[in-house]
Amino acid sequence: MANSQQVGEMLNVPVMRRRAIWAGMTSALRGVPIFPAAILALFIFFGLFGRLIVTYDPNVGALRDSLTPPFWQAGGSTKHLLGTDPLGRDMLSRIVVGASTSLQVGFFVVIICGFIGSVFALLSGYLGGWVDIVIMRLTDIVMSMPFLIVALNVAAIVGPGKYNLILILGLMGWAGYARILRGEVLRLKESYFVRLAIVAGCSKPRIMVRHIFPNIANTLVILATLNLGVIIIAEASLSFLGLGIPPPTPAWGSMISDGRSYLGLAWWVSTFPGIALFLVVLSSNLLGDWLRVRLDPKFRQL
Amino acid sequence: MKSTRNILEVKDLQTHFFTRRGVIKAVDGVSFTLREGETLGLVGESGCGKTITSLSIIRLVPKPAGRIVGGEIIFDGEDLLDKDEREMREIRGKRISMILQDPMTSLNPVFTVGEQVAESIRIHQKIKGRQVDEQVKEMLRLVGIPAPEMRMRNYPHQMSGGMRQRIVAAIALSCQPQLLIADEPTTALDVTIQAQLLRLLKDIQTQSNLSMIVITHDLGIVAKVCDRVAVMYAGRIVESAGVRDIFNNPRHPYTQALLQSLPKLDSTVDRLYSIEGQPPDLLNPPPGCRFRPRCGKVGDRCDGYYPEQVQVGEGHYVSCWQHD
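Residues numbered from 1 in each chain as written. Chains lettered and ligands numbered in written order. Predicted model: local features only at pLDDT ≥ 70, side-chain atom pairs only at ≥ 80, totals over all residues.

### Things to note about the overall build of chain B
Phase 1 of the analysis: The helix and strand tally for chain B stands at 10 helices and 12 strands.
Phase 2 of the analysis: Radius of gyration (C-alpha) of chain B: 21 Å, near the 20 Å computed for a compact globule of 324 residues.
Phase 3 of the analysis: In terms of overall dimensions, chain B has C-alpha extents of about 70 × 50 × 40 Å along its principal axes.
Phase 4 of the analysis: Relative to all contacts within chain B whose residues are 6 or more apart in sequence, the contacts with residues 24 or more apart total 65%. (Helix = DSSP H or I, 4+ residues; strand = E, 2+ residues; numbered from the N terminus. Rg over C-alpha atoms; globule rule 2.2 N^0.38 Å. Contact = placed C-beta atoms within 7 Å.)

What follows is the structure, encoded as structure tokens:
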């Protein structure tokens, strides 16, 4: 009975399921911009495992080798591919390890902002009334504060450090999320499916979490990817101004700052961390753009 | 199946909207009763208070402007206006449920239809896991969805309008409610699908002794599904009667005009009849009978007082000075 055997093979459930999962994954990733995705993946890999793969300790330098140029310039050597900084620390190792700082700050801040922003948006948009007024005025206040200057002052008061930095940026950055997501909530609140959920006897928290939140999640993800770049720049700016990540921990912002006084003499000290920063921010923005199109319900069926 | 027990008694319901421009009396003294297993058609043109009446019954008048300022809504022996929000949540979806006009937006786009049917079952019935799944399948079968095991894993956008409205019906019926309020359930559907859905609701009604209020401006639907009809005009019921009486022997000039404005197959006319003018501004309704400015039979008493409701036949009531 070769026939029934064939049928049996065709109905091989685990294989079918694996194929379905694979098809699901490839279709989810269709059209992903390859370069930005690869660059971001590379830096995330550096962020996670950077300390294990670098050949030099990023915090210890040899003053003898200070300001060695990158290998292709006269005086450079393949020992330090991207040269060294004024303290003789290997630039490549510091950039690789510094990815961890930038990305950690970026991701955690975006998570905090996204969380506060969506909670406030749901409460304010759905409950309305005085809750809405209070939250929206708070949003106005936070948005009207000059971000960097306030962050700078607060950092100066509570002291620099990675966790303080994450908190400051997180508590300052949610307003945009709240504002945009609230608009979405207001739109969804009037939709028939929310009305039917009310008629079906759902409680307010249940409607907010189960019915409305999944519908604003797309927007939230897009906002977050677009915001990631801004946050990484903000972290770099604070580190550049000396109120971000304290030395000797490598952070791209403080590395750019380190090279400032040597710009004429040793261009590489500032330039390479700058390029790394540029690549990460550009990639996250491009990925955000792609997601915006990909998650649009109108494109979902394509 | 029709019993004599009243499932719903609305007495002198008044729902007003308090706006900056003044008080809008959207529902101004509406009374009707609905027996178990019966279908009441609530008919009238846009803005006459049909929807607000139905929202008042489930106590979901748009806040903060809208408020129920008077009357009684006796549902199954209890006055719903005495209930607090928590008790109302228990009643909504479980004992009174609703179907809204637009099936395209009545379902949440991010969940499968199975999950959405299951939600109401989970909220109101203390069952879990497989049992819920079984009941979801059962409900989908009941509303005539083919291959429910497969269809329950579909998202709303994978279904047609008629299918989605059936899903909405399945959600509404999932907890065996005693009263179903259908607010223009078929307006967004095409005619063949309309007929299917109405037949479906009718079948389910005869099986389960469900009472229905069908809000519509389509007299064809009324003729098909309703036992009794209440015609609303400007926040009040102007005539209520059995469905045959309404079509064969309408007594209120407004009802007569409504019926006259239906196109007929057996006579050719150049222009379809239409009622002149606009419904009155509910901010300042005209004194006396509210239909007076548009009425063809105005008499001397019409601008003095609003006409009392009088009985003109068995179960046939009309509010008009000139009813004969």
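### Quick look at the sheet that holds strand β5 (residues 78-79) of chain B
Residues and elements named next belong to chain B.
Phase 1 of the analysis: Across the sheet, which stays open at both edges, the 4 strands sit in the order β2-β1-β4-β5 with antiparallel pairing between neighbours. Strands with a single pairing partner mark the edges of an open sheet, and in this sheet they are β2 (22-35) and β5.
Phase 2 of the analysis: Strand direction decides the pairing type here: strand β4 (residues 66-75) and β5, joined by 2 bridges, are antiparallel. Considered in β5, the bridge of Ile74 is made with Asp79.
Phase 3 of the analysis: Here helix α1 (residues 50-57) sits on the sheet and contacts β1 (6-19), β2 and β4; the angle it forms with β2, its principal contact strand, is near 70°. (Pairing = 2+ DSSP bridges. Axes fitted to C-alpha atoms, helices over the stretch in contact; angles between N-to-C directions.)

### Some points on the environment of Gly253 of chain A
Residues and elements named next belong to chain A.
Phase 1 of the analysis: The topology assignment puts Gly253 in helix α10 (residues 252-259).
Phase 2 of the analysis: On the basis of neighbour counts, which here come to 28 C-beta atoms within 10 Å, the residue Gly253 falls in the buried class.
Phase 3 of the analysis: Every residue in contact with Gly253, bar those within four places of it in the chain, is listed here: Glu235, Ala236, Ser237, Leu238, Ser239, Phe240 and Gly244. (Buried ≥ 20, exposed ≤ 12 C-beta atoms within 10 Å, placed from the backbone.)

### Points about unusual backbone geometry
Residue and element names in this part refer to chain B.
Phase 1 of the analysis: The phi torsion at Arg59 lies on the positive side, around 60°, for a residue other than glycine.
Phase 2 of the analysis: The class for Arg59 is partly exposed, based on 19 C-beta atoms found within 10 Å.
Phase 3 of the analysis: Positive phi, normally seen in glycine, also occurs at Ala234, with a value near 50°.
Phase 4 of the analysis: You can see Ala234 is positioned in the loop between β9 (228-233) and β10 (236-242).

### So, helix α6 (residues 147-158) of chain A
Phase 1 of the analysis: The end-to-end C-alpha separation of α6 of chain A is 16 Å, in line with the 16 Å expected for 12 residues at 1.5 Å each.
Phase 2 of the analysis: Directly after α6 of chain A, the chain includes Gly159 of chain A, whose backbone phi takes a positive value near 95°. (Expected span 1.5 Å × (residues − 1).)

### As for the packing of helix α4 (residues 91-127) of chain A against helix α9 (residues 204-240) of chain A
Residue and element names in this part refer to chain A.
Phase 1 of the analysis: Orientation of α4 relative to α9, taken along the N-to-C sense of each, is 145°, at an axis distance of 7 Å. Every pair of crossing elements has a handedness; the one defined by α4 and α9 is right-handed.
Phase 2 of the analysis: Counted by class, the contact of α4 with α9 contains 16 nonpolar, 5 polar and 2 charged residues. (Left-handed = near helix turned anticlockwise from the far one by under 90°. Nonpolar A, V, L, I, M, F, W, Y, C, P; charged D, E, K, R; others polar.)

### Quick word on the confidence of the model for chain B
Phase 1 of the analysis: The pLDDT averaged across chain B works out to 85; a share of 98% of its residues lies at or above 70.
Phase 2 of the analysis: Overall fold confidence for the complex sits at a pTM of 0.74, while the interface term, ipTM, reaches 0.72. (pLDDT = per-residue confidence, 0-100.)

### A closer look at the sheet that holds strand β3 (residues 39-43) of chain B
Residues and elements named next belong to chain B.
Phase 1 of the analysis: The strand order β6-β7-β8-β3-β9-β10-β12-β11 describes an open sheet built from 8 strands, whose pairing is mixed. Whereas interior strands pair on both sides, the edge strands pair on one side only; in this sheet they are β6 (96-99) and β11 (310-313). Each strand of the sheet is rotated relative to its neighbour by a mean of 20°, with strand direction disregarded.
Phase 2 of the analysis: Strand contacts of helix α6 (residues 161-173): β6 and β7 (179-183), with the helix running at about 175° to β6, the strand carrying the most contacts.

### So, the interface of chain B and chain A
Phase 1 of the analysis: Facing 23 residues of chain B, the contacting portion of chain A comprises 16 residues.
Phase 2 of the analysis: Mapped by element, the contributors of at least two residues to the side of chain B that touches chain A are α2 (85-91), β6, α3 (113-124) and α6 of chain B.
Phase 3 of the analysis: With 3 residues, the single largest contributor to the side of chain B that touches chain A is α3 of chain B.
Phase 4 of the analysis: Looking at the side of chain B that touches chain A residue by residue, the classes come out as 10 nonpolar, 8 polar and 5 charged.

### What to know about the pairing of β1 of chain B
Residue and element names in this part refer to chain B.
Phase 1 of the analysis: Bridge count between β1 and β2: 11 bridges; the pairing is antiparallel. By the bridge assignment for β2, Phe18 is matched with Val23.
Phase 2 of the analysis: Adjacent in sequence and paired antiparallel, β1 and β2 are bridged by 2 residues.
Phase 3 of the analysis: One ladder, built from 8 bridges, connects β1 with β4; its direction is antiparallel. The residue bridging Thr15 from the neighbouring strand is Ile68, located in β4.

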